[in-house]
Amino acid sequence: MAENSPFLYEQIAGNIAGLIARGTYRTGERIPSVRQMSKQQDVSISTVLQAYLLLESRGLIEARPQSGYYVRAPEVDQLPEPGISSPGPDPSRVSLHELTMMVIRDTLNPNLVQLGAAMPNLELLPTDRLNRIVARLARNSGAEAHQYQLPPGLPELRVQIARRAVHAGGQLSPNDIVITSGGIEAIDLCLHAVCKPGDIVAIESPMYFGTLQSLEVHGLRALEIPTHQRDGISLEALQFAIEHNPIKAVLVISNFNNPLGSCIPDEKKKELVELLARHDIPLIENDVSGEIYFGDKRPSVAKAYDTKGLVMLCSSFSKDISPALRVGWTAPGRYRSEIEWLKFTSSAATATLPQMAIAEFLETGGYDHHLRHIRREYASNVARLSQAVMRYFPPETRVTRPAGGFVLWVQLPGAVDSLELYKKALENGITLTPGYLFSPTNQFSNFIRLNAAAWTYPIERALERLGGMVAEMAG
Ligand SMILES: Cc1ncc(COP(=O)(O)O)c(C=O)c1O
């Protein structure tokens, strides 16, 4: 190719645009580096740079610092979003354990395409580094790794967590933190600490089914509060509910509700904390996916605005480091001594070696670099799955636009029952999570949750088949 052609960079840009249009380079994928492209096309680096700038200005690719150029999601029409939820005004008991455990059992089947459980993508976990850390700790720590780390848990880990919390606006000291076995235990202990059987807990609607299981086990009544698909719990509805019910605790997934992907804006978090402070009601805040944000900066936690010790912040390392190490934590404010007692009573301590491994990873493992990588990958996989839903599902389908995390919440045409779809999908080798699991009052019978953590050819084919089933059931 003649290097002195005045339009050479445009030709190169045109070739790459063609490759993107034909799907050779797909949304979220990295295109060859400037150097590679310069070699491939036998042109200068500056010509390639001009071509990439042109593609960037046309919105086809984007530069990501220290990583390269990536294909952007096309600005096609998106499916509409589901609207704000509208549950009934009365509290209700939860009775979902049979359905929940049926879905959980199917999650264990390796022969199914797993779109059901919100498992992180194994390829995006820092497993090699973690395994090296665990091996070294096991070799060098002698008996130390075999001693109980009684509540509140390993001091070095609590120091690391307190340092990390600063990024989310939390001013925590290591003494504010109690280590738990995963986020699920943290939330369960918090509910146990502030409620007794029969009490009413206000929750976002829809709500992650693991938490509904805690309500069920403790005999608590759920009061579902209308929740916006982007901004989370409605404060007006919550205030009304507080004025008409003896609410003992409020439970929100402040950053990236599972299944909505909603994020309560920082200013609204502050208002939420102030509202509850006026009524002296504890807020149990679930932030397990808070680090997996798609925007420019880490959203804050409601805990950052807590002046009365009423916010019980809960999180874990299950979504971004390793779900299997089962390391979570809570900063339960004024309820710390109850939580320590309950933790001791339920399991004495969280296993020591995993605590040591997470502490060392946080201190030395390049956590920020790892997070930057997985945020990009999850954002891209969520976009691709969402596009596939648009491609293969009936046009009346609605889908959320998550601000973080890696699940999609899909509203199917009204005639489609998500449990029937679940059974049909299972016969076809696919799992999903039926909407029934996310509400004690069947608010979401025609919704499903899809895990968007990974994007592969079999997943795309599974979505195509699923879309066909939905279309057939929708008539
Ligand atoms: C919102 C939410 N909370 C808690 C959990 C459980 O966290 P862990 O595995 O740390 O117990 C999950 C896991 O799917 C979740 O999505």
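Attention in this report is confined to the structure presented alongside it. (Residues numbered from 1 in each chain as written. Predicted model: local features only at pLDDT ≥ 70, side-chain atom pairs only at ≥ 80, totals over all residues. Heavy atoms only, no water.)

**Overview of the sheet that holds strand E14 (residues 407-411)**
Defined as follows: Strands are labelled as partners when DSSP assigns at least two bridges between them. Elements are defined by DSSP. Helices are runs of H or I of four residues or more, strands are runs of E of two residues or more, and each kind is numbered from the N terminus.
The strand order across the open sheet formed by four strands is E13-E14-E17-E16, and the pairing between neighbours is antiparallel. The two strands at the open ends of the sheet, each matched to only one other strand, are strand E13 (398-399) and strand E16 (433-434).

**A look at unusual backbone geometry**
Applied cut-off: Accessibility here uses a 1.4 Å probe with only protein chains present; expressed as a share of the type maximum, an area under 20% marks a residue as buried, one over 50% as exposed, and anything in between as partly exposed.
For the bond running from Pro151 to Pro152, omega is 15°, close enough to zero to count as cis. Looking at the element boundaries, Pro152 is found in the loop between helix H5 (127-140) and helix H6 (155-165). Look at the link from Asn258 to Pro259: it is a cis peptide, with omega at 25°. Positionally, Pro259 belongs in the loop between strand E9 (247-253) and helix H10 (266-279). A positive phi is found at Asp42, a non-glycine position, where the angle reads about 60°. Residue position: Asp42 is located in the loop between helix H2 (34-41) and helix H3 (45-57). Residue Asp42 is classed as exposed on the basis of its relative accessible area, which comes to 58%. Even without being a glycine, Asn442 presents a positive backbone phi close to 50°. On the secondary structure map, Asn442 appears in the loop between E16 and strand E17 (447-451).

**Quick notes on the pairing of strand E7 (residues 221-228)**
Going by this rule: A clockwise path from the first strand over the helix to the second, with the strands pointing away from the viewer, defines a right-handed crossover.
Looking at chain direction, strand E3 (residues 92-93) and E7 are connected through two bridges and run antiparallel. By the bridge assignment for E7, Ser92 is matched with Ala222. Note that strand E6 (residues 200-205) and E7 share six bridges and pair parallel. Bridging across to E7, Val201 finds its partner in Ala222. For the handedness criterion, the β-α-β arrangement of E6, helix H8 (residues 209-217) and E7 is classed as right-handed. Taking the residues between adjacent antiparallel strands as the criterion, E7 and strand E8 (residues 232-233) are bridged by three residues.

**Structural notes on the packing of H5 against helix H12 (residues 352-364)**
Applicable threshold: Each axis is a line fitted through C-alpha atoms, taken for helices only over the stretch in contact, and angles between the N-to-C directions span 0 to 180 degrees. Reported orientations rely on four angle classes, namely roughly parallel under 35 degrees, roughly antiparallel over 145, roughly perpendicular from 65 to 115, and oblique for the rest. Two helices that cross are described as forming a left-handed crossing if the nearer one is turned anticlockwise from the farther one by less than a right angle, and a right-handed crossing if clockwise. When checking whether two residues touch, look at their non-hydrogen atoms; a contact exists if any pair is within 4.5 Å. Think of it as three bins: nonpolar holds Ala, Val, Leu, Ile, Met, Phe, Trp, Tyr, Cys and Pro, charged holds Asp, Glu, Lys and Arg, and polar takes everything else, Gly as well.
Look at H5 against H12: their axes get within 9 Å of each other, and the N-to-C directions meet at 125°. The orientation of H5 relative to H12 falls into the category oblique. Between H5 and H12 lies a crossing of right-handed hand. Between H5, through Arg129, Leu130, Ile133, Val134, Arg136, Leu137 and Ala138, and H12, the contact on the second element is made entirely by Leu353, Met356, Ala357, Glu360 and Phe361. Its residues assigned to classes, the contact of H5 with H12 shows nine nonpolar, no polar and three charged.

**Remarks on the site of the ligand**
Test applied: Only a single heavy atom is needed: when it lies within 4 Å of a molecule or strand, its residue is near that molecule or strand. Identification of polar contacts relies on pairs of N or O atoms within 3.5 Å, with a donor-acceptor requirement for protein atoms, meaning one able to donate a hydrogen and the other able to accept it, and with residues adjacent in sequence counted only if both atoms are side-chain atoms. Accessible surface area values rest on a Shrake-Rupley calculation with a 1.4 Å probe, where residue burial reflects the displayed protein chains alone. Using only the protein atoms, space was sampled on a 1 Å grid; points where a 1.4 Å probe fits but cannot get out form cavities, open sets with protein on both sides within 12 Å along at least five of seven lines form pockets, and lining residues are those with an atom within 4 Å of a point. If over half the atoms of a molecule are within 2 Å of the grid points of a cavity or pocket, the molecule is regarded as sitting in it.
Surrounding the ligand, one finds Gly182, Gly183, Ile184, Tyr208, Ile253, Asn258, Asn286, Val288, Ser316, Ser318, Lys319 and Arg326. Asn286 is positioned such that a nitrogen or oxygen atom in its side chain is 2.9 Å from a nitrogen atom of the ligand. Between the ligand and the protein, one listed contact pairs an oxygen atom with a side-chain N or O atom of Ser318 at 2.5 Å. Isolated, the ligand exposes 400 Å² of accessible area, and the fraction of that covered by the protein chains is 91%. A molecule is said to occupy a pocket when more than half its atoms come within 2 Å of that pocket's grid points, and by this definition the ligand occupies the largest pocket. Per-element tally for the shell around the ligand: the top contributor is helix H7 (residues 182-194), with three residues. Its residues assigned to classes, the shell around the ligand comprises four nonpolar, six polar and two charged.

**Some thoughts on the layout of surface pockets**
Note the cut-off: Grid points are joined across faces, edges and corners, and a volume is the space filled by probe spheres set on the points.
Looking at the largest pocket, its volume works out to about 860 Å³. What lines the largest pocket is a set of 38 residues, among which Ala118, Ile184, Tyr208, Phe209 and Lys319 lie closest to the centre. A per-element tally of the lining of the largest pocket places H7 first, with six residues. A class-by-class count of the residues in the lining of the largest pocket yields 17 nonpolar, 16 polar and five charged.

**A word on empty space enclosed by the protein**
This structure, assessed with the given rule, holds two cavities of 30 Å³ or more. Of the voids in this model, the largest cavity is the one considered here, and its volume is about 190 Å³. Around the largest cavity, the lining is made up of 18 residues, and of these Asp287, Glu291, Arg298, Ser315 and Trp329 lie nearest the centre. Those elements giving two or more residues to the lining of the largest cavity turn out to be H6 and strand E11 (311-316). Considered as a void within the structure, the second largest cavity measures approximately 50 Å³ in volume. Around the second largest cavity sit Leu272, Val273, Leu276, Ala277, Ile281, Leu283, Asp306, Lys308, Leu310 and Val311, which together line it. It is H10 that contributes the most residues to the lining of the second largest cavity, four residues altogether. Here the residues of the lining of the second largest cavity sort into eight nonpolar, no polar and two charged.

**Focus on the packing of H2 against H3**
Where H2 meets H3, the closest approach of the two axes is 9 Å, and the angle between their N-to-C directions is 115°. Between H2 and H3, the interaxial angle falls into the category roughly perpendicular. When the axes of H2 and H3 are compared, the crossing they make is right-handed. Contacts between H2 and H3 pair Val34, Arg35, Met37 and Ser38 from the former with Ile45, Val48, Leu49 and Tyr52 from the latter. For the contact of H2 with H3, the class distribution of residues is six nonpolar, one polar and one charged.

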